[in-house]
Amino acid sequence: MKIIDHLKGTKPGVSCELFPPKQGTQLANAIDIVHTIANQQPSFISVTYGAGGSNAGEAVKVAAEVAKCGVPSMAHLTCISADEKKIEGILEQLQENSIQNVLALRGDLPNGVTLDNATYRHASDLVKKIKSFGNFCVGGACYPEGHPESAGLNDDIEKLKIKVDSGVEFLVTQMFFDNDTMYNYMYRLLAHGITVPVVPGVMPVTNAKQIQHICKLSGTKLPLRFRAIVEKYGDDPEAMKQAGINYATAQVLDLLANGFMDVHIYTMNKPEIIGGILQNLSCIVRR
């Protein structure tokens, strides 16, 4: 199933992201996680991979396992350190494994790589390549608080418009913790003529130390009400996990109630996170 068909339908859903094992580690544990999460019946599962495509082979295997479980699978594909032959090789593998959905990303700049010497300088270049290669449904990333490298939010959205015009059919956002940020962002997208479906990305925070690092890298801001939760329960792992899942559930509920057809959960490969959210919404997201 193509993700765009789900997003244009009438049944709301909750999807999630997984990452494959690092090179040299066992694939079996990741496959077990796939099956555990697939049993929760998310609307789709996306599979990322390491910087520079370091474990792209494992990512394809995990994405293929998702498809075997009967859940729509979306493979991440980065391009900044890849040449045309490598991109075509991965796309061929995805086709062979019946993976119809690709999230096209530029990726972080590895050491020694600059935009000047890259074959694919922007995600929009990769989108055009994917669309010309085969019958893939192509998604793109967007940033409600602006990409860390952008000159500002309007500049970032102008670049996003180029990506959408290149063939992106839907967008998945970077995580955010204040839904008002997302709603304001949607008005800005519409003002720039961006009308493709948008899937909000939510990360349930279950580890106080981890979130500080992630927010520093992404530029995501923590609202005061969430800071209070981290300060109150951050030293109690079980309480923090429960509080994080409940906060994320409230975000998802509010987003679905305001018209979004799907919310994407960044699970950090923890099945209990997506399971907890889907259980909390069992009468709302009818699986």
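Anyway, here's the lowdown on the structure attached to this text. Predicted model, so just to flag it, every value in this text is computed and none were measured.

With respect to the sheet that holds strand β5 (residues 137-142)
Link 1 in the chain: Spatially, 8 strands are ordered β1-β2-β3-β4-β5-β6-β7-β8 in a closed barrel, and the strand pairing comes out parallel. In this sheet, adjacent strand axes meet at a mean angle of 30 degrees when their direction is disregarded.
Link 2 in the chain: Here β5 pairs with strand β6 (residues 170-175) via 4 bridges, running parallel. Its bridge partner being in β6, glycine 139 is matched across the sheet by phenylalanine 170.
Link 3 in the chain: Of the strands in this sheet, β3 (73-78), β4 (101-105) and β5 are in contact with helix α5 (residues 123-133), which crosses β4 at around 150 degrees.
Link 4 in the chain: Its contacts with the sheet place helix α7 (residues 179-191) against β5, β6 and β7 (198-202), and it is angled at close to 155 degrees to β7.

Notes on helix α9 (residues 224-233)
Owing to its 3.6 residues per turn, the α-helix aligns residues three or four sequence positions apart on the same side.
Link 1 in the chain: Among the residues of α9, those classed as buried are Phe226, Ile229 and Val230. Along the axis of α9, the buried residues cluster in a sector spanning 95 degrees; they form a single face. Exposed side of α9, more than 90 degrees from the buried face: Leu224, Glu231 and Lys232 are the residues found there.

Concerning the nonpolar core
Link 1 in the chain: Grouped together as the largest cluster of nonpolar side chains are 65 residues, with contacts concentrated most on Leu77, Leu94, Ile130, Leu171 and Ile265.
Link 2 in the chain: The greatest single-element share of this core, amounting to 7 residues, is contributed by helix α3 (residues 56-68).
Link 3 in the chain: The residues contacting leucine 171, other than those within four sequence positions of it, are Gly140, Ala141, Cys142, Leu160, Val164, Ile194, Val196, Pro197, Val198 and Val199.
Link 4 in the chain: Core analysis: the second largest hydrophobic core is formed by 28 residues, Met74, Ile214, Phe226 and Tyr266 among them.

Comments concerning the packing of helix α6 (residues 153-165) against α7
Link 1 in the chain: At a closest axis distance of 10 Å, the pairing of α6 and α7 adopts a crossing angle of 55 degrees. Between α6 and α7, the interaxial angle falls into the category oblique. Crossing of α6 over α7 shows right-handed handedness. When α6 is examined against α7, the residues Leu153, Asn154, Ile157 and Leu160 are found in contact with a partner set consisting of Tyr185, Arg188 and Leu189.
Link 2 in the chain: Partitioned by chemical class, the residues of the contact of α6 with α7 number 5 nonpolar, 1 polar and 1 charged.

Observations concerning unusual backbone geometry
Link 1 in the chain: We note that glutamine 41 has phi near 60 degrees; this positive angle belongs to a residue other than glycine.
Link 2 in the chain: Residues other than glycine seldom take positive phi values, yet methionine 268 does so here, at roughly 55 degrees.
Link 3 in the chain: Here methionine 268 lies in the loop between β8 (262-266) and α11 (271-280).

Some details on the side chain of threonine 173
Link 1 in the chain: Relative to the assigned elements, threonine 173 resides in strand β6.
Link 2 in the chain: A polar atom in the side chain of threonine 173 sits 2.7 Å from the backbone nitrogen of glycine 201.
Link 3 in the chain: Sequence-distant contacts of threonine 173, that is, excluding residues within four places in its chain, are made with Cys142, Pro144, Met182, Val198, Val199, Pro200, Gly201 and Tyr266.

Cut-off values and rules
- Residues numbered from 1 in each chain as written.
- Predicted model: local features only at pLDDT ≥ 70, side-chain atom pairs only at ≥ 80, totals over all residues.
- Heavy atoms only, no water.
- Pairing = 2+ DSSP bridges.
- Helix = DSSP H or I, 4+ residues; strand = E, 2+ residues; numbered from the N terminus.
- Axes fitted to C-alpha atoms, helices over the stretch in contact; angles between N-to-C directions.
- Contact = heavy atoms within 4.5 Å.
- Buried < 20%, exposed > 50% of the residue type's maximum accessible area, 1.4 Å probe, protein only.
- Arc of directions from axis to C-beta.
- Core = buried A, V, L, I, M, F, W, Y, C linked by side-chain atoms within 4.5 Å.
- Parallel < 35°, antiparallel > 145°, perpendicular 65-115°, else oblique.
- Left-handed = near helix turned anticlockwise from the far one by under 90°.
- Nonpolar A, V, L, I, M, F, W, Y, C, P; charged D, E, K, R; others polar.
- Polar contact = N/O pair within 3.5 Å; in protein donor to acceptor, adjacent residues only side chain to side chain.

Geometric descriptors of this kind do not, in isolation, establish any biological role.
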